[in-house]
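Structural description and commentary
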Amino acid sequence: MKVRDALYNWLQMKIVSEERPEDGAAKETLDFFAEILREDHHVTNFSIDSMDSSAIIIRYDHEGVTAHERFDRELAEQLLQDIISNPKYNE
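An account of the accompanying structure is given in this report. Sequence positions are assigned chain by chain, starting from 1 and proceeding in written order. Local features are withheld for residues below a pLDDT of 70 in this predicted model, meaning they are given only at 70 or higher, and side-chain atom pairs are given and counted only at 80 or more; totals for whole chains, interfaces and linings count all residues. Each side-chain value is worked out from all heavy atoms of the structure, with water and hydrogens disregarded.

**Quick look at the overall build of the protein**
In this text, helices come from DSSP runs of H or I with a minimum length of four residues, and strands from runs of E with a minimum of two, each type numbered from the N-terminal end. When its secondary structure is counted, the protein shows 4 helices and 3 strands. It is over C-alpha atoms that the radius of gyration is taken, and the globule rule equals 2.2 Å times the number of residues to the power 0.38. Computed over its C-alpha atoms, the radius of gyration of the protein comes to 13 Å, within 12% of the 12 Å expected for a compact globule of 91 residues. C-alpha atoms of the protein, sized along the principal axes, occupy 45 × 30 × 20 Å. Residues counted as buried form 34% of the 91 residues belonging to the protein. Accessible surface, the protein as shown: approximately 5900 Å² in total, 47% of it carbon and sulfur. For the purpose of counting charges, residues Lys and Arg are taken to be positive, whereas Asp and Glu are taken to be negative. His and the chain ends are not included. For charged residues, the charge sits on one atom: NZ in Lys, CZ in Arg, CG in Asp, CD in Glu. When the 10 basic and 20 acidic side-chain charges of the protein are each reduced to a single mean position, those positions are 2 Å apart. Each residue is placed in one exposure class: buried if its accessible area under a 1.4 Å probe, protein chains only, is under 20% of its type's maximum, exposed if it is over 50%, and partly exposed if it falls in between. We get accessible surface area from the Shrake-Rupley algorithm with a probe of 1.4 Å; when it comes to residues, only the shown protein chains can shield them.

**Here we look at helix α2 (residues 24-41)**
The end-to-end C-alpha distance of α2 is 25 Å, a good match for the 26 Å that 18 residues give at a rise of 1.5 Å each. Every buried residue of α2 is accounted for by Ala26, Leu30, Phe33, Ala34, Ile36, Leu37 and His41. Buried residues along α2 cover an arc of 150 degrees about the axis, so they all sit on one side. Along α2, exposed side chains directed more than 90 degrees from the buried face belong to Glu28, Glu39 and Asp40. We call two residues contacting when some pair of their heavy atoms lies within 4.5 Å. Those residues of α2 that are buried are in contact with α1 (3-19), β1 (43-51) and β2 (55-62). Between a side-chain oxygen at the N-terminus of α2 and the backbone nitrogen of alanine 25 the separation is 3.1 Å; the capping residue is aspartate 23. By definition here, a helix of n residues has an expected span of 1.5 Å times n minus one. Relevant arc is that of directions from the helix axis to the C-beta atoms, nothing else. Throughout this description, a polar contact denotes any pair of N or O atoms lying within 3.5 Å of each other; where both atoms belong to protein, one of them has to be capable of donating a hydrogen while the other can accept it, and for residues adjacent in sequence the pair is counted only when both atoms sit in side chains.

**Remarks on the pairing of β2**
Of all 8 residues making up β2, 6 are buried, and the element is well covered by its neighbours. The rule for pairing is simple: two strands pair if DSSP sees at least two bridges between them. In this antiparallel pair of consecutive strands, β1 and β2, the connection spans 3 residues. By the bridge criterion, 8 bridges tie β2 to strand β3 (residues 65-72) in an arrangement that is antiparallel. Counted as the bridge partner of tyrosine 60 is alanine 67 from β3.

Here it is as structure tokens:
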């Protein structure tokens, strides 16, 4: 898994876990991707830096260098929308 993919997966789960704080599976998955970022890619201090109507920017440190990745907001929020629209996950 590439760093960008791990950041994207982490972002999706961050969005879900913030919207659904009682969802233990979302929190576990968020922690899983955070672990991948830290252990496999040596990424630290990753967080949502900013967001607007079209994009979400993640700021992170990688090997002593601060970097940013831009993700389409609608795509990043799609997992949350899929979960909300599925009655199986909202009982």
